[in-house]
Every structure is written in structure tokens, then in C-alpha cells.
Amino acid sequence: MKSAVHTVYSAFIPRHLHNITTHRKKTFDILNGPSLQFKRFHSCLDEYLVCPRATIDRKYFPQLFSIAPMMDWTDNHYRTLARLISKHAWLYTEMVVAETIVHQSENLDRFLAFSPIQHPIVLQIGGSNLTNLAKAAELANAYSYDGINLNCGCPSGKVAGHGCFGARLMFDPEFVGDAMSAIASNCDVPVSVKCRIGVDDCDSYDELCNFIHTVSSRSPTKHFIIHARKALLNGLSPAANRKVPPLKYEYYFALLRDFPEICFTINGGITCIDQVTAALREGANGVMVGRAAYNNPWNTLGHVDSEVYGASSSNLSRRQILEKYQMYGDSELGKYGPNKPSVRQMVKPLLNLFHSEPGNGLWKRKADTALRHCMTIESFLEETLDAIPDNVLDSTLLRNPSIGEGGFAGINSSLPPPYQSCEKQAFSIIGA
């Protein structure tokens, strides 16, 4: 476990080059908080990554919790809202295709720019052309992301079918290894891969291990985000691919056993903070949450800082969050041309902020009407927020999530047999 913990810190925390003593003391104060997960990492605080780019002067908690990259969802606007709720969750962009970055080099801000408050943030890119992936990483490097991730898990027909990337890349681990090497050579931040546990009939544990072993051997990739379902490229929609293939968390925990030098983040089927903390207690290096963080941001993200990181939360009410978001939103309207972005686009991330709260249904109906004529976020909120009771708007998160097993208790008793790489198998045969 020690090497995996060292990997968490060396992969995720850029070193502060000039004021490390002050930062270290502050971090230890935070670590002495109530988080069980964070206390496990005390002894490894000195394992920082020295980032070669002198302009980076940031430091963050490790990637114990991250929000998954989701097309059309985790855009700049949602990420701004998420950061207002959680100070320490790691954010991922929606996937940006490498060719888009390369061919829009004169208009990159539209695709890559983000507010500094969004740090720590990782850019996810997609593609299957080595030259374009390398060039995209080079161009993105100027935007000071905290990592670059390659999409090897999307089963969409547009991506894995016509696009020949996403989950389809898992059929060619040698190419993925070369792609990660090319990406890493053209940026100075950590690189990672997000993948499934298998694709179609290539879904055995050994095939997954061969993918991990090959990619990590051919590149400096030391972080894999594992969606614990396989992808079915024919006959299932992307939505069905998130539900129909069964979850195999035992594959993920077996990877922790068989590749202790690599950091693995678990993804898929995790819908609440109880499951996040349960996975961390069972030894997960990190947890990535997708749609739950979008569909119920207040309750999912609001507990991350305190329950996962043992740090103080923002302690903002939803009224205060909306006030801050309104200032951001109105400054963004029309930034890239008429209605680019529009009021509707800016409001979209807010529509789940009152999930399951009194007045939520009425607020959404009023929102639908207001979006037909409101020209600013301020006027939209003035017209709609009276649907939400003041006690909901002004309350802060007080409920402590219950401590449950989260479906991971005893998982280590059902792991597949240990993996032996081809090299190890050949060595065993020679030795015999």
C-alpha cells in the first residue's frame, strides 16, 4: 500500500518551489481533521512532484475525489458552480477532440480557457492520431491545466465507431502507450488514461492487466481511471453502456494488488458520498463520480471537502452560491459572439441545485418560462427564486452523511487470481 500512496502524492500534488514550509504546516493542520481517509496519507506528504514549468506555483490535495468528464455537461459553467460548492474536488473538462484543438489554434480560448478558480483541473482529450494528440497537448500546455487525460472509455458510436477512438483504443494498448508517451513529451503536467475494464468480448481480467501493463511500460503513465464496466460497442447506446454491463469492482481492487506502483481511480455506479468514503476505506487510491455530481451537486459535492479531505467546507448557502455564480455568468454572456454563451447555457448547471427540495418543481417551471425572455442571469434569478423557500436558500449543509459499507465491504475476498505479465510467465518457464 505504501507505494500506491506514494504514487498518489507524486502524481497529483505540484510542488510549491518557494514557500513549501508554510504550506506544509498548513496542510498538516488540515490533515489533523476528522477525515479517516486523509490520515492514511500523513507519512507521504513529502512526496511532491516537482513540475518543470516555473510558472506553476500551486499545490492541492491529492485526487481522492474527482468529477468525471461528461460531454455537454462538465463545461466551464458547470465547473465554476462545482468549485463554488467544493474547494478541493478535482475537476475534469468534457472531452475535447485533438483535431478540434489543432484546427482551432486561432480560437483556442473557446475550447481550452478556464477561470483560475477551477484549479485543480484536468483536460481530457480524445483522438487516434499520434501527431494530432502530441500537437494538442503542446497547445493545451499553455493553459496551465493540472493534468491531461486520454479518453479510452467512451463507447459512443460517434467516438468509438466513426471516430475510431474512445473505448475502441483498448483494442490497441501499444498505440495507447505510444500516444501517452507523445502527450507526455509535449506537456509538463502528469498524464492519465480513463478506460473501461474491457470492450466487447475482450473483457477478462488478464486482458485488462495486459492493457495497463503495456501502456504503463511504453509511457510515463502512472494513473488510470477505471470505469468498472466493460463497453459494448454494438447494440447499446452510451446511456445503456452506463447501466447494462455489470459492475466488476473486484477488477479494480485486484489492479491495486497487482500494480502497486500505479495509482488507480475507481469510477462507475458511485452515486453518493457514503460510497466514496467506503471505497477509500477499502483502499481505493481515488474515486471519480459522474452524473450524481451533476444531477445533485449540492448534496454530492457539498460534503467532499469535510468528509473526504477533512478540510473545512465553503460554508456557503445556495443563495450565496447563486450570487457568486450570477456575477460570473453575466460576465460570460456573449463572450464569443451573440448568444455564445446564451442565458440558457449559463443557467443549465443551476437546474439541479435544489434537487428534492421544497419548491424545486415550481422553480423549474418558472425557469422554463423565464428562459424564453430573460437577457441576464440576474433577471432570471430575480424572476424565479421566489419559488424556493428562504430556509432552503439560506441553509448550509449540516447533515453528516452516514458511514456505510457502500457495497465494497469484503470486496478483497472476491478478487480474480493475481496477474502475471508475459515477461513474468516467460521467466517462470525458463526457470522451470
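Data block above holds the structure.
Reading the values: rules and limits
- Residues numbered from 1 in each chain as written.
- Predicted model: local features only at pLDDT ≥ 70, side-chain atom pairs only at ≥ 80, totals over all residues.
- Heavy atoms only, no water.
- Helix = DSSP H or I, 4+ residues; strand = E, 2+ residues; numbered from the N terminus.
- Contact = heavy atoms within 4.5 Å.
- Buried < 20%, exposed > 50% of the residue type's maximum accessible area, 1.4 Å probe, protein only.
- Salt bridge = Lys/Arg side-chain N within 4 Å of Asp/Glu carboxyl O.

## Points about the environment of Lys248
No. 1: Residue placement: Lys248 occurs in the loop between helix H11 (238-241) and helix H12 (249-258).
No. 2: Along the backbone, Lys248 and Gly268 are 20 residues apart, and their C-alpha atoms lie at a distance of 9.6 Å.
No. 3: What Lys248 contacts, discounting residues up to four positions off in sequence, is Ile197 and Ala228.

## Considerations on unusual backbone geometry
Peptide bonds are mostly trans, and most non-glycine residues show a negative phi.
No. 1: Following His119, the chain continues to Pro120 via a peptide bond in cis, the omega torsion being 0°.
No. 2: Residue placement: Pro120 occurs in the loop between helix H6 (109-112) and strand S4 (121-126).
No. 3: Cis rather than trans, the peptide bond between Lys340 and Pro341 has omega equal to 0°.
No. 4: Looking at the secondary structure, you find Pro341 in the loop between helix H17 (318-332) and helix H18 (343-347).
No. 5: The residue Asp200 is not glycine, and still its phi comes out positive at about 50°.
No. 6: Mapped onto the elements, Asp200 comes out in the loop between strand S6 (191-196) and helix H10 (205-218).
No. 7: You can call Asp200 partly exposed: its relative accessible area is 21%.
No. 8: Residues other than glycine seldom take positive phi values, yet Ser356 does so here, at roughly 65°.

## Some points on the side chain of Thr384
No. 1: Of note, Thr384 is situated in helix H20 (residues 377-384).
No. 2: Take Thr384: its relative accessible area is 0%, and that puts it in the buried class.
No. 3: Leave out the neighbours within four places in its chain, and Thr384 touches Trp363, Lys366, Ala367 and Ala370.

## Observations concerning H12
No. 1: Of all the 10 residues making up H12, eight are buried; the element is thus mostly covered by neighbouring parts of the structure.
No. 2: Considered for burial, the residues of H12 that qualify are Tyr249, Tyr251, Tyr252, Phe253, Ala254, Leu255, Leu256 and Asp258.
No. 3: Packing partners of the buried residues in H12 comprise H10, strand S7 (223-227), strand S8 (263-267), helix H13 (273-281) and strand S9 (286-289).

## A closer look at the pattern of salt bridges
No. 1: According to the stated counting rule, one finds 10 salt bridges in the structure shown.
No. 2: Residues Arg257 and Asp258 are paired through a salt bridge, measuring 2.8 Å at the closest nitrogen-oxygen approach.
No. 3: Between Asp394 and Arg319 there is a salt bridge, with its nearest N and O atoms 2.6 Å apart. With a gap of 75 residues between them, Asp394 in helix H21 (residues 390-394) and Arg319 in helix H17 connect regions that are remote in the sequence.
No. 4: Assessed through its relative accessible area of 41%, Asp394 is described here as partly exposed.
No. 5: Of the residues examined, Arg319 reaches a relative accessible area of 26% and is grouped as partly exposed.

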